[in-house]
Amino acid sequence: MIELKAIRWGEPYESLEVDEVNHFYTGEPVARVHTVGAGIVQRDAKKAPRARKALQSIPPADLIAMCKRAGELFESGTLRVGDSEQSPEDFIQQQSATTGMPVSMCRANVKKNAFVLQNMERILDCLTRGLSLEILARGYGEEGRGVTVSYQAQCDALGAVLPSNSPGVHTLWLPVIPLQMGLVLKPGSSEPWTPYRVYSAMVEAGVPPETFCLYPGAGADIGGAILSSCRRSMIFGGPQTVAQYESNPKVQVHGPGYSKVLLGEDCVDDWERHVDLLVDSVYRNGGRSCLNASSVYAPRHSKEIAEAMAAKLGPIEVLPPDDPEAGLAAFTIPGAAKAIWGSIENDAKALGVTHMTEKYGDRLVERDPVAYLRPVVLHHASHESETRNKEQMFPMVNVVECPQDQMLGAIGPTLICSAITNDEKFRRDLVNSLDIDRLNLGAIPTPQVDWLQPHEGNLIEFLYRGRAVQVAP
């Protein structure tokens, strides 16, 4: 069992309050984490300028080289994590054991995080739209067109309250270190593994340890203290979290994706050729990511599309997490899966809604002390259905019949929209839609991420403010 002490600007901190992180199925302890109170978080926040100064003493190019080395170590190195030596396979097994995610999914997420670290120069070039990092480091400089530009950093360290559902979200905060800002992290209560392994890899690669704080544990007060004491923070959560922080400019909120696939009038008659893409959009990542499609809109053939998707998704069974074919994650919170299934059963009783996966066996699979939900496909005969855009934390999709000219009024907030259409007018309308964050034009699965494009808000725009600077000759 690993002992994970809190990290306070690079210094391990042994607390009297210790939480256990347990195996999702056996209940056996896998890690002991030392927690801190809100007061310590707030006191530590006053030292954030030291973290920034330590990083400002290192040129951005050198920090990028350190990130590349950290990516190699994260993916294939044996690292000192807590009080133990952790191999890559140890990391994958521990992550699966505490989150309930299949081993294959954990292994895939290792590659995602390693790719971002190893390709940091290209990713930052994308996020800055080609701006020299030296300009950000200095605070101002001259662009190629001969104009002086200036960007003012809005914080000394970014705070992040991290989730346990999808380790891929860590790619959003990895670029902060080469931007010469510290990191104040609250790892997910059942997934402390990625933040701690990234920290160990970065320190091994030469990043000053005093640029990191890690505050593990289940206490909500830790997250609240980070959000209130850091000048810029990001948080991941559900609709209530989004509603609480969406008007706070200091907090970047990452909530449900409500991602969708739209089939245009000109392509819907060829729907059969896109069924595998639709299924992939729903099922990849175990359906646990904001990238997964929660709704598919089609102007006609929607019942046939739903039947075809149900034929592929419905038979999928629950498999042991170490099975290479396992694609469903366990619900580890007691009663959560049963409550979600009860809500879905209620939605399926509404007029015009049909449960298309019903004939493929029970959806709720209870294996004490955890439970699973097998994939669900609901067909909605009308785009006026109240539950047409609901999102769940497993592979569930709503297939909605909707005229093309009504789609943009019906889809609501959409993190990723894959629009399968060649209609130029419809494409222009999609580009102009204020409800769509990330737009895929053409047959692209919603979870297919181009890491050289900003995802769910641009980190540079969040961490820096453009301003005017004039320099006398």
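Residues numbered from 1 in each chain as written. Predicted model: local features only at pLDDT ≥ 70, side-chain atom pairs only at ≥ 80, totals over all residues. Heavy atoms only, no water.

As for the pairing of strand S9 (residues 148–153)
1) Next: Bridge count for strand S8 (residues 140–142) against S9 is three bridges, and the pairing is antiparallel. If you follow glutamate 142 over to S9, its bridge partner there is threonine 148.
2) Next: Connecting the antiparallel pair S8 and S9 is a turn made up of five residues, with glycine 146 showing a positive phi of about 85°.
3) Next: Across four bridges, the pairing between S9 and strand S24 (residues 464–467) is antiparallel. (Pairing = 2+ DSSP bridges. Helix = DSSP H or I, 4+ residues; strand = E, 2+ residues; numbered from the N terminus.)

Structural notes on the environment of glycine 217
1) Next: Looking at the secondary structure, you find glycine 217 in the loop between strand S12 (212–214) and helix H9 (220–229).
2) Next: Of the residues examined, glycine 217 reaches a relative accessible area of 6% and is grouped as buried.
3) Next: Measuring from C-alpha to C-alpha, the distance between glycine 217 and glycine 188 comes to 7.6 Å, with 29 residues separating the pair along the chain. (Buried < 20%, exposed > 50% of the residue type's maximum accessible area, 1.4 Å probe, protein only.)

Structural notes on the packing of helix H11 (residues 275–283) against helix H12 (residues 302–313)
1) Next: The N-to-C vectors of H11 and H12 enclose an angle of 60°; their axes lie 10 Å apart at closest approach. Between H11 and H12, the angle falls in the class oblique. As H11 runs across H12, the sense of the crossing is right-handed. Between H11 and H12, the contacting residues are Val275, Asp276, Leu278, Val279, Val282 and Tyr283 on the first element and Ile305, Ala308, Met309, Lys312 and Leu313 on the second.
2) Next: Across the contact of H11 with H12, the residue classes tally to nine nonpolar, no polar and two charged. (Axes fitted to C-alpha atoms, helices over the stretch in contact; angles between N-to-C directions. Parallel < 35°, antiparallel > 145°, perpendicular 65-115°, else oblique. Left-handed = near helix turned anticlockwise from the far one by under 90°. Contact = heavy atoms within 4.5 Å. Nonpolar A, V, L, I, M, F, W, Y, C, P; charged D, E, K, R; others polar.)

Details of the environment of leucine 351
1) Next: If you trace the backbone, leucine 351 turns up in the loop between helix H13 (336–348) and strand S17 (353–355).
2) Next: For leucine 351, a relative accessible area of 88% gives the class exposed.

What about the nonpolar core?
1) Next: Core analysis: the largest hydrophobic core is formed by 70 residues, its most contacted members being Trp173, Leu179, Met202 and Leu463.
2) Next: Each residue touching methionine 202, except ones within four places of it in the same chain, is listed here: Cys67, Ala70, Leu117, Leu174, Ile177, Val207 and Phe212.
3) Next: Counting residues in hydrophobic clusters, the runner-up holds 31 residues, among them Val275, Ala306, Met309 and Val397. (Core = buried A, V, L, I, M, F, W, Y, C linked by side-chain atoms within 4.5 Å.)

Structural notes on the pattern of salt bridges
1) Next: Scanning the model with the defined rule gives 15 salt bridges in all.
2) Next: Here arginine 145 makes a salt bridge to glutamate 143, at a shortest N to O gap of 2.6 Å.
3) Next: The salt bridge partner of aspartate 429 is lysine 425, with a shortest N-O separation of 3.2 Å. Within this pair, aspartate 429 and its partner lysine 425 are both found in helix H15 (residues 424–432), separated by four residues, close to a single helical turn.
4) Next: Overall, the relative accessible area of 30% leaves aspartate 429 in the partly exposed class.
5) Next: Residues joined in a network through salt bridges with shared partners are Glu265, Asp269 and Arg300. (Salt bridge = Lys/Arg side-chain N within 4 Å of Asp/Glu carboxyl O.)

A closer look at the sheet that holds strand S5 (residues 29–34)
1) Next: Sheet architecture is open: three strands sit in the order S1-S5-S4, paired in mixed fashion. Only two strands of the sheet have a single neighbouring strand rather than two, namely strand S1 (2–4) and strand S4 (18–22). Along the sheet, successive strands turn relative to each other by an average axial angle of 25°, direction set aside.
2) Next: The pairing of S4 with S5 spans five bridges and is antiparallel. Pairing of glutamate 20 across the sheet is with arginine 32, part of S5.

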